[in-house]
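# Close look at the chain arrangement
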Amino acid sequence: MATMLPRVLEIERRQLADYARVDYAITKGEDEIATLEERSLEPNELRRETAVVRDRTVLAVHEVRNNMAKRAITAKNMQGSLVESLRQRSRFAVTDTVDASLRARCFASLECIPTLTLICHFIDAMRAGDFARAESIRFEFLTREDRHEYVATSRAIFAQFAPSESADILKRIAKICRAAEMADARVIDLFRRCDPIFVFHRIEPVDHGPDRSRAFDTSLLGAGRIPPRERAIVSVRSAFAA
């Protein structure tokens, strides 16, 4: 796990940088199409010109999107490894029967320990790296009727020894995968701008959640259109602020 975080951080850095490239290219293409729409072109000519912009833009980001998809797959594999590692860490033994037997013996030994003392045993178990016993102690503490008398102390101790690094890794992995999905959504945006019928009939609908990849429309405030580079910067910051 110690070596996983630096790798995830590097993948996340590259993924967000590539998303910025995709978003900037798509935004630039959308602005070019908007400029074409402002000209008095014949429908067929407008369709041809917008198709040229669309195809050129999609081709320009093709390799970047492929790299993003590969990173998302890598991140999901890392997530699986991490989850399995955490699961194994919480076991007393690899074999289910042995694990169940040792766990039952552990709970039996905890029954006669005072509730406040359980917290001390939890700290000792965590410092010794005995995570299976620590989790059993935590569970035993949460079943005690008098646990509320020590709620402030228990929360502070449990939070101090919480696996924050693992949670951080999982959060960053989710962000890596979301960036790949949002890059694809931006390409769909471009196709929708060029030909809405094509999008609705040729592309499977995907629920990407709230589309936070787009900057808000300043035309509502009477302002001019945001230049592509500035809009992309606002887009990336808002999309990955969480």
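Residues numbered from 1 in each chain as written. Predicted model: local features only at pLDDT ≥ 70, side-chain atom pairs only at ≥ 80, totals over all residues. Heavy atoms only, no water.

We now examine helix α3 (residues 96-110). The first and last C-alpha atoms of α3 sit 21 Å apart over 15 residues, in line with the 21 Å expected at 1.5 Å per residue. Looking at the buried positions of α3, the neighbouring elements they touch are α4 (115-128) and α5 (131-143). (Helix = DSSP H or I, 4+ residues; strand = E, 2+ residues; numbered from the N terminus. Expected span 1.5 Å × (residues − 1). Contact = heavy atoms within 4.5 Å.)

Formed by 31 residues in total, the largest nonpolar core has its most connected members in V8, V22, M68, I169 and I173. Among the elements of the structure, α1 (4-38), α2 (43-89) and α7 (164-194) are those that each provide at least two residues to this core. Counting residues per element, this core draws most heavily on α7, which supplies eleven residues. Listed in part, the 15 residues of the second largest apolar core include I113, L118, A125 and F158. (Core = buried A, V, L, I, M, F, W, Y, C linked by side-chain atoms within 4.5 Å. Buried < 20%, exposed > 50% of the residue type's maximum accessible area, 1.4 Å probe, protein only.)

Glancing now at the packing of α4 against α5. Direction vectors running N to C along α4 and α5 enclose 160°, while the axes themselves pass 8 Å from each other. When the axes of α4 and α5 are compared, the pair comes out roughly antiparallel. Seen from above, α4 lies across α5 with left-handed handedness. Counted together, T115, L118, I119, H121, F122, A125 and M126 of α4 and F131, R133, A134, I137, R138, E140 and F141 of α5 form the full contact between these two elements. (Axes fitted to C-alpha atoms, helices over the stretch in contact; angles between N-to-C directions. Parallel < 35°, antiparallel > 145°, perpendicular 65-115°, else oblique. Left-handed = near helix turned anticlockwise from the far one by under 90°.)

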